[in-house]
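Structural overview for review
The chain contents come next:
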Amino acid sequence: MDFLLANTPIETLETECLIVAVFENEQLSPAAKTLDSLTDSIISKMLQRGDIKGKVADTLLINYLPNKSIQRALLVGLGDADKLSAKKFRRAVASAANTLKTTQIGSAVCCLTEENVIKQNISWNARQIVEAFDAPFYQFNDCKSKAADKFSLAQLSLHSVTETDAVQTGLNQGLAIAQGVSLAKHVSDLPGNICTPTYLAEQAVKIAEQHPNVTAEILEEADMQKLGMGSFLSVSRGSRQPAKLITLEYKGADAATQPIVFVGKGLTFDAGGISLKPGAGMDEMKYDMCGSAAVLGTLQAAAELQLPLNIVGIIPSSENMPDGDANKPGDIVTSMAGLTIEILNTDAEGRLILCDALTYAKKYNPDVVIDLATLTGACLVALGRVPSGLLGNDDTLCNDLQSASETALDSVWRLPLWDEYQDQLKSNFADIANIGGRDAGTITAACFLSRFTKDYQWAHLDIAGTAWKSGEAKGATGRPVPLLVQYLLNRAA
Ligand code: BES
Ligand code: MN
Ligand code: ZN
């Protein structure tokens, strides 16, 4: 969808559909009032008649107006005008987008840009409108033999007569985020036989080719062997697809500026290995690369916005398969950091590839390192599918992520990474075991990673519950791209 700015006053505006807010108790937003005065009070009459109550996310499409230049109106409920929270605003905008999705309307002008949202500014409104309108129009059609029906809505203009610069800024940010989310969803939704480690490497190279200050580097298994990545390589041994260590580097600041480093788990299929997963729902383990997809989406967004930061994305990518040469329970491997690991469950493979990537990250002299991983089913048990799990060794970094998540409406919830949990990783035969037993699985997985991140400020996002949806609406969400781009925007400000 194309997003534009509309700065023409409503009195002289021409559009197929004007999107305006109404509130509870028959209150009209300023834009709705203006439209009301141009249309024989149609809007206030409909409110009086009770056709729309004005509750949050109520919508009413008025398909004909006695006004030649504004052909239709979409009324959107925002609840109580004084209590318009960020979440309610987002819900209402999403509802407007979903209503327009089912119509023949090709372009619309959105006046929700101008509403007052608690604690937010007009750039935030613009950013959220673009994100919320883009998301429902995402389709995954690559593998269907018949072309899917196209949606009519192709253009949305954000209305503001006076604050055009702030709206344009938010619009550009929203577009970069929406495109990053879309990219992440697309590579995640691709099946495991198409989206292999080699495919992910090709996508990184493509992003580098499209942006002058982004470079990609792909390490092969032989290179990783030389670096001593015995833990990572042990996971890929059971797969016929060669593992890749993908690095994307974006340079938006001077060479002396320490980079923000993202590390994304890129398991393009996790069958569990010899500790084979049960069959039901195993197809969803194609999504075990959603962390890496978010790294690609975030780096693309940062490059589109030309943020004044240095950013590195590191993606260890592999499959985890059962095979005669695969890891066996009890095997002991040596990580790049020199720590030996007893593999008590081959299905706890994410940490085995991440630990070597986290050691490798030191080479970039990072300011902070943030890893993103569909790491534990236990995260779903603890937090469900609402927030991503957040753990880390630095309060400032964790607080920064927490606050970015609130702005981006891409929530996280912090779990403790206390020393008391470290004991669960004791091994009789190696330095550390790769599992910590039944209790606190998300925390002990992070404890494992923490053994490899002592030299820098580090945070870990467990996105097992948030990176995709199951059931009828099965599909990737593109999370946590909005959170990460917001974090970068905050760092750049
Ligand atoms: N990729 C999975 C985690 C996962 C499972 C994410 C289900 C989302 C939904 C990970 O590699 C894994 O298998 N973890 C194990 C760890 C256990 C063996 C300690 C798990 O969560 O069961
Ligand atoms: Mn696994
Ligand atoms: Zn996994």
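Residues numbered from 1 in each chain as written. Chains lettered and ligands numbered in written order. Predicted model: local features only at pLDDT ≥ 70, side-chain atom pairs only at ≥ 80, totals over all residues. Heavy atoms only, no water.

**Structural notes on the coordination of the zinc ion (ligand 3)**
Four donors placed tetrahedrally about a metal ideally form angles of 109.5 degrees, and six donors placed octahedrally ideally form angles of 90 or 180 degrees. Looking at the zinc ion (ligand 3), the protein donor atoms are Lys265 (NZ), Asp270 (OD), Asp288 (OD) and Glu349 (OE), and they sit 2.0 to 2.4 Å from it. Classification of the site at the zinc ion (ligand 3) as octahedral follows from its six donor atoms and the range of 77 to 176° in their angles at the metal. In this structure the manganese ion (ligand 2) is found 3.2 Å away from the zinc ion (ligand 3), and Asp270 serves as a bridging donor for the pair. With Asp288 in the loop between strand 11 (266-270) and helix 9 (290-305) and Glu349 in the loop between strand 14 (340-343) and helix 10 (350-360), the pair connects residues that are 61 residues apart, well separated along the chain. Residue Glu349 is classed as buried on the basis of its relative accessible area, which comes to 1%. (Donors = N, O, S within 2.8 Å, 3.2 Å for Na, K, Ca; no water. Tetrahedral: all angles 85-135°; square planar, octahedral: opposite > 155°, others 65-115°. Helix = DSSP H or I, 4+ residues; strand = E, 2+ residues; numbered from the N terminus. Buried < 20%, exposed > 50% of the residue type's maximum accessible area, 1.4 Å probe, protein only.)

**Considerations on helix 9**
For helix 9, which comprises 16 residues, the first-to-last C-alpha distance of 22 Å matches the rise-based estimate of 22 Å (1.5 Å per residue) to within 8%. Counting buried positions over the 16 residues of helix 9 gives 14, a clear majority of the element. Two residues or fewer past helix 9, Gln306 is found with a positive phi of approximately 50°. (Expected span 1.5 Å × (residues − 1).)

**Some thoughts on the coordination of the manganese ion (ligand 2)**
At 2.0 to 2.2 Å from the manganese ion (ligand 2) lie its protein donor atoms, namely Asp270 (OD), Asp347 (O), Asp347 (OD) and Glu349 (OE). Classification of the site at the manganese ion (ligand 2) as irregular follows from its six donor atoms and the range of 69 to 166° in their angles at the metal. On the primary sequence, the residues serving as donors to the manganese ion (ligand 2) are separated as D-x76-D-x1-E. On the basis of relative accessible area, Asp347 is assigned to the partly exposed category, the value being 21%.

**A word on the layout of surface pockets**
Reported here for the second largest pocket is a volume of approximately 760 Å³. Considering the residues around the second largest pocket, the lining is formed by 35 residues, among which Arg351, Leu375, Thr376, Gly377 and Ala378 are closest to the centre. Of all the secondary-structure elements, those providing two or more residues to the lining of the second largest pocket are helix 10, helix 11 (377-383) and helix 13 (441-450). Counting residues per element, the lining of the second largest pocket draws most heavily on helix 11, which supplies five residues. (1 Å grid on protein atoms, 1.4 Å probe; cavity = no way out; pocket = protein on both sides within 12 Å on 5 of 7 lines; lining within 4 Å. Points joined across faces, edges and corners; volume = space filled by probe spheres on them.)

**Here we look at the site of ligand 1**
Residues in contact with ligand 1 amount to 17 residues; listed here are only the nearest, Asp270, Lys277, Asp347, Glu349 and Gly377. Here an oxygen atom of ligand 1 and a side-chain polar atom of Asp270 are 2.9 Å apart. One nitrogen or oxygen atom from the side chain of Glu349 is found 2.8 Å from an oxygen atom belonging to ligand 1. Contact with the protein chains hides 77% of the accessible area of ligand 1, taken as 510 Å² for the molecule alone. (Near = heavy atom within 4 Å. Polar contact = N/O pair within 3.5 Å; in protein donor to acceptor, adjacent residues only side chain to side chain. Areas by Shrake-Rupley, 256 points an atom, 1.4 Å probe, with all protein chains shown as cover.)

**Let's talk about the packing of helix 10 against helix 13**
The contact between helix 10 and helix 13 brings their axes to 9 Å, and the two run at 35°. The hand of the helix 10/helix 13 crossing is right-handed. Residues Arg351, Leu352, Leu354, Cys355 and Leu358 of helix 10 lie in contact with helix 13, whose contacting residues are Ala445, Phe448 and Leu449. In terms of residue class, the contact of helix 10 with helix 13 is made up of seven nonpolar, no polar and one charged. (Axes fitted to C-alpha atoms, helices over the stretch in contact; angles between N-to-C directions. Left-handed = near helix turned anticlockwise from the far one by under 90°. Contact = heavy atoms within 4.5 Å. Nonpolar A, V, L, I, M, F, W, Y, C, P; charged D, E, K, R; others polar.)

**A look at the side chain of Ser427**
Topologically, Ser427 is positioned in the loop between strand 17 (412-414) and strand 18 (432-433). Those residues within four positions of Ser427 in sequence are excluded, and the remaining contacts are Glu342, Ile432 and Ala433.

**What about the packing of aromatic side chains?**
If you walk through the whole model with that rule in mind, you get five aromatic pairs. Both rings, one in Tyr287 and one in Trp468, keep their centres 5.1 Å apart while their planes meet at 20°; by these two values the pair is stacked. Here Trp468 lies in strand 20 (residues 468-469) and Tyr287 lies in the loop between strand 11 and helix 9, a separation of 181 residues in the sequence. Taking relative accessible area as the criterion, Tyr287 reaches 2% and is therefore assigned buried. An angle of 40° between the planes, with centres 5.5 Å apart, marks the rings of Phe448 and Phe452 as tilted. (Phe/Tyr/Trp six-rings, centres within 6.5 Å; stacked < 30°, edge-to-face > 60°.)

**Examining the sheet that holds strand 18**
In sheet architecture, strand pairing relies on hydrogen bonds along the backbone and comes in two forms, parallel and antiparallel. Spatial ordering of the open sheet is given by 13-14-18, a layout of three strands whose pairing is mixed. Edge positions in the open sheet fall to strand 13 (331-334) and strand 18, since each of these has one partner strand only. Bridge analysis of strand 14 against strand 18 gives two bridges, and the strand direction is parallel. By the bridge assignment, Glu342 is partnered in strand 18 with Ala433. (Pairing = 2+ DSSP bridges.)

**Examining the pairing of strand 10 (residues 260-264)**
Summarising burial for strand 10: five of the five residues are buried, a large majority. By the alternation rule, side chains of strand 10 split into Ile260, Phe262 and Gly264 and Val261 and Val263, which are all buried. Here strand 10 pairs with strand 12 (residues 310-320) via four bridges, running parallel. When the bridges of strand 12 are listed, Ile260 appears paired with Ile311. Pairing between strand 10 and strand 15 (residues 368-373): five bridges, direction parallel. In the strand pairing of strand 15, Ile260 is matched with Val368.

**Things to note about the domain arrangement of the protein**
Splitting the protein by domain gives domain 1 (2-159) and domain 2 (178-492). Of note, the centres of domain 1 and domain 2, computed from C-alpha atoms alone, are 38 Å apart. Contacts between domain 1 and domain 2 engage 14 residues on the former and 14 residues on the latter. In total, domain 1 and domain 2 occlude about 1,100 Å² of area from one another, counting both sides; carbon and sulfur atoms represent 60% of this. On the domain 1 side of the interface with domain 2, the three residues burying the most area are Arg127, Tyr138 and Phe140, jointly 41% of the side's total. (Domains from an automatic or database assignment. Buried area = accessible area lost by both parts, 1.4 Å probe.)

**Regarding the state of the cysteines**
Following the criterion strictly, the structure yields zero disulfides and no others. With no disulfide partner, Cys110 has as its closest neighbouring cysteine sulfur the one in Cys111, 6.8 Å distant. The thiol of Cys290 is not disulfide-bonded; the next cysteine sulfur, from Cys195, is found 9.3 Å away. (Disulfide = S-S within 2.5 Å.)

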